[in-house]
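# Descriptive analysis of the structure
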Amino acid sequence: MSSQLRFDGKVAVVTGAGGGLGRAYALWFADRGAAVVINDLGGSASGEGSGRAADLVVNEIKDKGGKAVADYNSVEEGDKIVKTAIDNYGRIDILVNNAGILRDKSVANTSDNDWDLIHRVHLRGSFVTTRAAWPHFRKQNYGRIIMTSSVAGIYGNFGQSNYSAAKLGLLGLSNTLSIEGKKYNIHCNTIVPMAGSRLTKGILPPDMMEGMRPDLVAPVVLWLCHDSCSDTGSVIEAAAGWVGKYRWERTRGMTLRESTNDPILPEAVRDNWEQICDFNNSLHPKGNEASMLLGKVLQDLMEKDANRDAKLSPVEQALNWRPPPVKCQVTPREIILYALSVGASTGDKDGLRYLYEGDETFAPIPTFGVLLAQEALSQSNMITGGMPGFQVDLSKVLHGEQFIEIHKDIPTHGTLEASLNVVDILDKKSGAVIVTNVEVVDETGDKVISAQWSIFVVGAGGFGGKRNSDHIVPSVDAPKRKPDASLSYKTSIDQAALYRLTGDRNPLHIDASFAAMGGFDRPILHGLASYGISCRLVLQQYADNNPSLFKSMKSRFTSPVLPGQTLQVDMWREGNRIHVETKVAETGKTVLTGAYVDLKSVASAPAPVAPPAASTGLMSEAVFAEMKRRLDAKPEVGAKINAVYQWNILSNKKPAASWVVDLKAKPGDIYQGEPKGNKADCSLTLEDADMVALVTGKLNAQKAYMQGKLKIKGNIMLTQKLQGLLKENANL
Ligand SMILES: CCCCCCC[C@@H](O)CC(=O)SCCNC(=O)CCNC(=O)[C@H](O)C(C)(C)COP(=O)(O)OP(=O)(O)OC[C@H]1O[C@@H](n2cnc3c(N)ncnc32)[C@H](O)[C@@H]1OP(=O)(O)O
């Protein structure tokens, strides 16, 4: 016969030991030599009332010569229960969390209190009592804990939503404690008992109660708490003299994607449901095996990716690459910095529209969208080693072509998402052209920008790839006639240094030694800087500086621009398409070819403007005198006010007019003369015709304004109003 399992010298704490299972555990422990703390509040199955059930059990043990002490604390104050053990026996070795109550109700009738009470006693009670015992277990490098779960928790039971949730919670608690306790020889197991007790009295019939006596479960708990039992994290069911063990079972499942880049769709889950749920060859994961299995799934996918990539040519690998979408932030700061870097100025007509977030029409120059799309290229390190397969030498990278289309106004604040897709890599012999599409969506998923890059990698051709692509948005040659309009912008020597701050930090644009590696004498200007400058001048010429008239822009970069050179933008209007060719004025070399800006509509059709070099730019004395004469002619008292403007008009000479007006005046009012209160200096109250005359003194005044000789400080909304008015009165 095998030796008897003994607990001599051990101290066991059993909660809820005044009756039923707890009492049975306590009697068995005492019988096998342990000193036992008999914890019981007393009271009924639903936790009400109090009595001294614990005393009866203590007496029963003592009568048999055993050691026991009573404890009447609630498990909600489990530290006091543990203190009873320490105070009386100086230690604690075993803790059986057994105490519990019932508050059975169907879920709809379960009150917050019914829920909380059950959780407080079962789950929280076991937790606080165990936490109080834990330091003692750790110190002595020994501890045995039992959590009490229930078939109601494992399988569910009508009317026990609170109880079953708490009971399965105890299993989770036990799982974690068995892991945390391992290195301190602290074992934690879960018993799933079924026995006739105070809790089941009245639920089970008497003969069942007898067949399911608690003392038929207690020996299982004793074994689990013995030194010689190595189990921890086990779940053992015991009832009526039958004992069994639980474990998790999981189907093999299946991976619903072929590559780490693939998404999975609900339809794929539906279509494979049978296999997902097939328990043939099932697995029984333990502990962290489950996460290891999932780790293996990912590893397999990555190996598959690698194997597949290994079989692909470098070009195919690059074309298969789908880097994750990236976030791009828009704030006025980025918009303003971009506008400055492509030459917008507060001295320009409508300059504040791009440069001042307080302006009512504040908006980005549309080509700013390229910067947002470019985030997908930068953050994926596409041309700095991030793209698999086709490798790129950064010092040989030139911007070949650019296309952008704006589908929805770019917000002035917000977060957008950009995703890229390499659509072709072309072999041009003298170089390779990487064609990349980028889509930018806003927070609602609406498409805001489509962009296309053609990146020319000098010297990377000759790999045997195709020469042409259907995916490229084509450039379109300008008409053969003389340009309809031409505007110029002299770039600053620091144009590239400024443009870099918008995001493209390619050293080609600032570092002479790096530029030399690409075969350039000096750092060259970003292609996108020339692109943005050209777009800005087209909008000035044909869109009244209104960025929402912009639809799309395409350009090829045929020759580099050096910072400090003057860009001359020649334009031809064909319907809503403005063909563009940009050249360097100093050398006559074309730098942007096949370019066009498509507008939604053309704001006005001004007469062809001669290149600026031909203009004197000065407001003539005669125009100034005429303007002043008109301004000095105050409206007559009693005249109807058609419009109210508040403009301060200054010239390089002296104020053109200094008026005092009623700030409350509005169109339709009768001009009463200078008001007494509520007045503003240096403002004008003019009838429309006079206002029109002011500016139609005409192009000369406008040009003077453009060139900073005539400064108009005013509200931009009013500028627009004035422009609308000008259009209406074009014949004046
Ligand atoms: C963070 C992500 C950032 C994205 C990357 C951008 C990084 C930026 O920092 C880089 C820049 O801004 S660089 C500055 C702007 N770009 C330039 O200055 C390039 C100017 N272009 C050139 O020098 C030549 O056209 C050159 C050198 C490009 C080609 O000249 P050649 O080798 O003499 O070619 P050519 O004989 O004229 O033609 C051969 C075939 O190539 C096609 N091709 C020519 N120019 C092209 C161009 N710009 N783009 C695309 N394809 C071009 C020709 O059509 C020809 O092909 P095919 O015979 O099939 O028609």
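As a convention, each chain's residues are numbered from 1 in the sequence order in which they are written. Per-residue local features are limited, in this predicted model, to residues with pLDDT of at least 70; the limit for side-chain atom pairs, both in listing and counting, is 80 or more; totals at the level of whole chains, interfaces and linings are taken over all residues. The basis for the side-chain values is all heavy atoms of the structure; hydrogens and waters are excluded.

## Focus: the sheet that holds strand S8 (residues 242-246)
Let me state the cut-off plainly: DSSP-based pairing: two strands are paired if at least 2 bridges between them are found. Secondary structure elements follow DSSP: runs of H or I no shorter than four residues count as helices, runs of E no shorter than two count as strands, and numbering proceeds from the N terminus. Note on geometry: axes are C-alpha line fits, over the in-contact stretch for helices, and angles between N-to-C directions span 0 to 180 degrees. In this analysis, two residues are considered to be in contact whenever any of their non-hydrogen atoms come within 4.5 Å of each other.
Spatial strand order, S3-S2-S1-S4-S5-S6-S7-S8: 8 strands in an open sheet with mixed pairing. Strands at the two margins of the open sheet, each flanked by one partner only, are strand S3 (67-71) and S8. Put simply, the sheet's adjacent strands are angled 20 degrees from each other on average, direction ignored. Pairing between strand S5 (residues 143-148) and strand S6 (residues 186-194): 6 bridges, direction parallel. Bridge pairing in S6 links Met-147 to Thr-190. Here helix H1 (residues 20-31) sits on the sheet and contacts strand S1 (11-14), strand S2 (35-39), strand S4 (94-97) and S6; the angle it forms with S1, its principal contact strand, is near 170 degrees. Across the sheet, helix H6 (residues 161-181) lies against S5, S6 and strand S7 (235-239), angled at about 155 degrees from S6, the strand it touches most.

## Structural notes on the packing of H1 against helix H2 (residues 53-63)
A pair of packed helices is captured by two measures, namely the crossing angle of their axes and the spacing between those axes. Rules: Throughout, the term roughly parallel applies to angles under 35 degrees, roughly antiparallel to angles over 145, roughly perpendicular to angles from 65 to 115, and oblique to all others. Should the near helix be turned anticlockwise from the far one by less than a right angle, the crossing is left-handed, and should it be turned clockwise, the crossing is right-handed.
Two elements in contact, H1 and H2, have axes separated by 10 Å at closest approach and are oriented at 25 degrees. Taken together, the axes of H1 and H2 lie roughly parallel to each other. Relative to H2, the crossing made by H1 is right-handed. Two secondary-structure elements touch here, H1 through Arg-23, Ala-26, Leu-27 and Ala-30 and H2 through Val-57, Glu-60 and Ile-61.

## Thoughts on H2
What counts, and what does not: Burial classification: accessible surface area is computed with a 1.4 Å probe over protein chains only, and a residue below 20% of its type maximum counts as buried, one above 50% as exposed, and the rest as partly exposed. Directions drawn from the helix axis to the C-beta atoms are what define this arc.
Among the residues of H2, those classed as buried are Ala-53, Ala-54, Val-57, Val-58 and Ile-61. Summarising the axial view, the buried residues of H2 lie within an arc of 135 degrees, below the 170-degree limit, and thus occupy one face. Among the exposed residues of H2, those pointing more than 90 degrees away from its buried face are Leu-56 and Asp-63. As for H2, its buried residues are in contact with H1, S2 and S3. Gly-65 occupies a position one or two residues after H2 and carries a positive phi of about 90 degrees.

## Considerations on the packing of helix H3 (residues 78-89) against helix H4 (residues 112-140)
For the record, the criterion: Throughout this entry, Asp, Glu, Lys and Arg are counted as charged residues, while Ala, Val, Leu, Ile, Met, Phe, Trp, Tyr, Cys and Pro are counted as nonpolar. The remaining residues, Gly among them, count as polar.
It is at 7 Å that the axes of H3 and H4 come closest, and there the two elements cross at 40 degrees. The orientation of H3 relative to H4 falls into the category oblique. Of the two possible hands of crossing, H3 and H4 adopt the one that is right-handed. Contact residues: H3 offers Gly-78, Asp-79, Val-82 and Ile-86, while H4 offers Val-128, Thr-129, Ala-132, Ala-133 and His-136. Split by residue class, the contact of H3 with H4 holds 5 nonpolar, 3 polar and 1 charged.

## As for the side chain of Thr-361
Rule in force here: N or O atoms within 3.5 Å of each other form a polar contact, as long as, within protein, one can give a hydrogen and the other can take it, and as long as residues adjacent in sequence are counted only when both atoms are side-chain atoms.
You can see Thr-361 is positioned in the loop between helix H14 (351-355) and helix H15 (368-379). With relative accessibility at 13%, the residue Thr-361 sits in the buried group. At a separation of 2.6 Å, a polar atom in the side chain of Thr-361 contacts the side chain of Asp-359.

## Brief notes about the pattern of salt bridges
Keep this limit in mind: Think of a salt bridge as a Lys or Arg side-chain nitrogen and an Asp or Glu carboxyl oxygen that are within 4 Å of each other.
As enumerated under the stated definition, the model contains 32 salt bridges in all. Ionic pairing is found between Lys-408 and Asp-446, a salt bridge with its closest N-O pair at 2.9 Å. Within this pair, whereas Lys-408 is found in the loop between strand S10 (397-406) and strand S11 (414-427), its partner Asp-446 is found in the loop between strand S12 (431-441) and strand S13 (447-458), the two being separated by 38 residues in sequence. Judged by relative accessible area, which is 32%, Lys-408 ranks as partly exposed. What makes Asp-446 partly exposed here is its relative accessible area of 36%. Residue Asp-424 is joined to Lys-466 by a salt bridge in which the shortest nitrogen-to-oxygen separation is 3.0 Å. Pair noted here: Asp-424 is in strand S11 and Lys-466 is in the loop between S13 and strand S14 (485-490), with a separation of 42 residues, a long-range link. Look at Asp-424 and you get buried, because its relative accessible area is 4%. Its relative accessible area of 44% is what places Lys-466 among the partly exposed residues. A network of salt bridges, in which partner residues are shared, links Arg-103, Lys-105 and Asp-114.

## Focus: the nonpolar core
The line we're drawing: The definition of a nonpolar core used throughout is a set of buried Ala, Val, Leu, Ile, Met, Phe, Trp, Tyr and Cys residues joined through side-chain atoms within 4.5 Å.
Counting 79 residues, the largest nonpolar core has Met-382, Met-387, Phe-390, Ile-434, Val-438, Ile-449 and Met-571 as its most contacted members. Top contributing element to this core by residue count: helix H18 (residues 527-542), with 9 residues. Look past the residues within four positions of Ile-449 in its chain and what remains in contact with it is Gly-369, Leu-372, Ile-404, Glu-405, Ile-406, His-407, Ile-410, Val-438, Glu-439 and Val-440. Core analysis: the second largest hydrophobic core is formed by 35 residues, Ala-24, Tyr-25, Ile-94 and Ala-218 among them.

## A look at empty space enclosed by the protein
Convention followed: Lining residues are defined by having an atom within 4 Å of a point belonging to a cavity or pocket. Those points lie on a 1 Å grid over the protein atoms alone, cavities being sets where a 1.4 Å probe fits but cannot get out and pockets being open sets with protein on both sides within 12 Å along at least five of seven lines. Grid points are joined across faces, edges and corners, and a volume is the space filled by probe spheres set on the points.
Under the definition given, this model contains 2 cavities of 30 Å³ or more. If you go around the largest cavity, you meet 10 residues; those closest to its centre are Asp-348, Lys-349, Arg-536, Gln-540 and Asn-545. Those elements giving two or more residues to the lining of the largest cavity turn out to be H14 and H18. Partitioning the lining of the largest cavity into residue classes produces 3 nonpolar, 3 polar and 4 charged.

## Things to note about the site of the ligand
Spelled out, the test is: Nearness is defined per residue: one heavy atom within 4 Å of the molecule or strand is enough. Computed with the Shrake-Rupley method and a 1.4 Å probe, the accessible areas treat only the protein chains shown as cover for residues.
Around the ligand, 25 residues are found, and the nearest of them are Ser-430, Arg-467, Asp-504, His-509 and Phe-557. At 2.9 Å, a side-chain N or O of Arg-467 approaches an oxygen atom of the ligand. At 3.0 Å, a backbone N or O of Gly-527 approaches an oxygen atom of the ligand. Contact with the protein chains covers 77% of the free accessible surface of the ligand, which is 1200 Å². Looking at the shell around the ligand, the elements that each hand over two or more residues are H15, S10, S13 and strand S15 (550-557). The biggest single contributor to the shell around the ligand is S10, with 4 residues. Partitioned by chemical class, the residues of the shell around the ligand number 9 nonpolar, 11 polar and 5 charged.

## Observations regarding the environment of Asn-576
Examined against the element boundaries, Asn-576 turns out to sit in the loop between strand S16 (566-574) and strand S17 (577-584). Using a relative accessible area of 34% as the deciding quantity, one classes Asn-576 as partly exposed. Sequence separation between Asn-576 and Val-597 is 21 residues; the distance between their C-alpha atoms is 8.4 Å. The residues contacting Asn-576, other than those within four sequence positions of it, are Val-597, Asp-598, Leu-599, Lys-600, Ser-601 and Val-602.

## Here we look at the side chain of Ser-469
Along the polypeptide, Ser-469 turns up in the loop between S13 and S14. Filtering out sequence-adjacent residues up to four positions away, Ser-469 remains in contact with Asp-424 and Leu-426.

## Topic: the packing of aromatic side chains
Just so we agree on the cut-off: Side-chain rings of Phe, Tyr and Trp, where Trp is taken by its six-membered ring, are said to pair if the distance between their centres is within 6.5 Å; with planes under 30 degrees apart they count as stacked, over 60 as edge-to-face, and otherwise as tilted. Two limits define a charge over a ring: the Lys NZ or Arg CZ must be within 6 Å of the ring centre, and within 35 degrees of the ring normal.
Within the structure shown, the criterion is met by 6 aromatic pairs. Geometrically, the ring pair formed by Tyr-338 and Tyr-499 is edge-to-face, given 6.3 Å between the ring centres and 70 degrees between the ring planes. Here Tyr-499 lies in helix H16 (residues 495-500) and Tyr-338 lies in helix H13 (residues 332-341), a separation of 161 residues in the sequence. The burial state of Tyr-338 is the same as that of Tyr-499; both residues are buried. Ring plane angle 70 degrees and centroid distance 5.3 Å describe the contact between Phe-390 and Phe-463, whose orientation is recorded as edge-to-face. On the criterion of sequence distance, the pair formed by Phe-390 in the loop between H15 and S10 and Phe-463 in the loop between S13 and S14 is long-range, its members being 73 residues apart. On the basis of relative accessibility, which here comes to 31%, the residue Phe-463 falls in the partly exposed class. Through a chain of ring-to-ring contacts, the aromatic side chains of Tyr-338, Phe-368 and Tyr-499 assemble into a single cluster. A cation sits over an aromatic face here: Arg-536 above Tyr-489, 5.0 Å from the ring centre.

All we've got here are geometric facts, nothing functional implied.
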